[in-house]
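The chain contents come next:
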Amino acid sequence: VGAEVAFGLWAQDLDPEAVRERVLRALRQVNLDGMSECAVGTLSGGQKQRLALAGALVESPKLLLLDEITSFLDEDNQFGVLRTVKDLIESDEAGELSALWVTHRSEELEFASSASLMHEGEIVGVAETQSETGTEHLGKGTDQLLITGAANNSEIKLWSTQDMRSPSLLQTVT
């Protein structure tokens, strides 16, 4: 587990103790403390999703891009992973960490500070506050929800990549 989290750090020319400290901090952030010596194959599905988050967090990102992060998880693990993401954002003392995730599950809206609804590659609904993120505001029968977990003083641009040769700006979320 620890080696999996540390993977991206080895290219940064950090001393081994700095890598170890960052790995342990990232594991602690996702509630996997004490598991750095465990084999990845012994983890549950929810723990593996949190391990993937730790692998991203160890590099101190400002934005987490999460695609179907709750896929293939049981309900408890789905909400556990989403709570972890929300807690990470809310506990970010610098207020720089944001998350954007893609999902088809409207029940994930309760974890969002804003959401955009897509249908056939077009944004067809926007909820800009926590109180607007219910499906009654956004509508139903859509292809995807783009959800921003919390945009901590940052601006997130949503791009359409239907035509990879010329992506187009769909919306800016602040």
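First things first, this report covers the structure right here in the doc. Just so it is clear, the structure is predicted and the values come from calculations on it, not from any experiment.

Glancing now at the overall build of the chain. The helix and strand inventory of the chain stands at five helices and seven strands. Ordered by position from the N terminus, the helices and strands of the chain form the series α-α-α-β-α-β-β-β-α-β-β-β. Relative to all contacts within the chain whose residues are 6 or more apart in sequence, the contacts with residues 24 or more apart total 59%. Total accessible area on the chain stands at roughly 9700 Å², and carbon and sulfur atoms take up 48% of it.

A separate point is the pattern of salt bridges. Applying the stated rule across the entire model yields two salt bridges. Linking Glu17 and Arg20 is a salt bridge whose minimum nitrogen-to-oxygen distance equals 3.8 Å. Note that Glu17 and Arg20 are positioned in helix H2 (residues 16-29) at a spacing of three residues, about one turn of the helix. With a relative accessible area of 46%, Arg20 lands in the partly exposed category. Here Glu96 makes a salt bridge to Lys62, at a shortest N to O gap of 3.8 Å. Of the two residues, Glu96 sits in the loop between helix H4 (75-90) and strand S2 (98-103) while Lys62 sits in the loop between helix H3 (45-57) and strand S1 (63-67), which places them 34 residues apart along the sequence. Residue classification places Glu96 among the partly exposed residues on the basis of a relative accessible area of 39%. The exposure class assigned to Lys62 is exposed, which follows from its relative accessible area of 52%.

Time to look at unusual backbone geometry. Within the chain, Asn31 stands out as a residue other than glycine whose phi angle is a positive 60 degrees. Residue classification places Asn31 among the exposed residues on the basis of a relative accessible area of 53%. In this structure, Phe72 takes a positive phi of about 65 degrees despite not being glycine. As for its position among the elements, Phe72 is in the loop between S1 and H4.

Relative to the elements of secondary structure, Thr70 occurs in the loop between S1 and H4. Its relative accessible area of 1% is what places Thr70 among the buried residues. Those residues in contact with Thr70 that sit more than four places away from it in its chain are Gln49, Gln78, Leu82, Arg105 and Glu108.

So, on to the pairing of strand S3 (residues 114-119). Across the six residues of S3, five count as buried, placing the element largely inside the fold. For S3 and strand S4 (residues 122-127), the ladder comprises five bridges, and the chain directions are antiparallel. For Ala115, the partnering residue across the bridge sits in S4 and is Ala127.

Once that is clear, we can look at the pairing of S1. Two faces, one strand: in a regular strand the side chains alternate between the faces of the sheet. The alternating pattern of S1 places Leu64 and Leu66 on a buried face, while none of Leu63, Leu65 and Asp67, on the opposite face, is buried. The sheet contact formed by S1 and S2 spans five bridges and is parallel. Its bridge partner being in S2, Leu65 is matched across the sheet by Leu100. Following the chain from S1 across H4 to the adjacent parallel S2, one finds a crossover that is right-handed.

Scoring rules and cut-offs
- Residues numbered from 1 in each chain as written.
- Predicted model: local features only at pLDDT ≥ 70, side-chain atom pairs only at ≥ 80, totals over all residues.
- Heavy atoms only, no water.
- Helix = DSSP H or I, 4+ residues; strand = E, 2+ residues; numbered from the N terminus.
- Contact = heavy atoms within 4.5 Å.
- Areas by Shrake-Rupley, 256 points an atom, 1.4 Å probe, with all protein chains shown as cover.
- Salt bridge = Lys/Arg side-chain N within 4 Å of Asp/Glu carboxyl O.
- Buried < 20%, exposed > 50% of the residue type's maximum accessible area, 1.4 Å probe, protein only.
- Pairing = 2+ DSSP bridges.
- Right-handed = clockwise from strand over helix to strand, strands pointing away.

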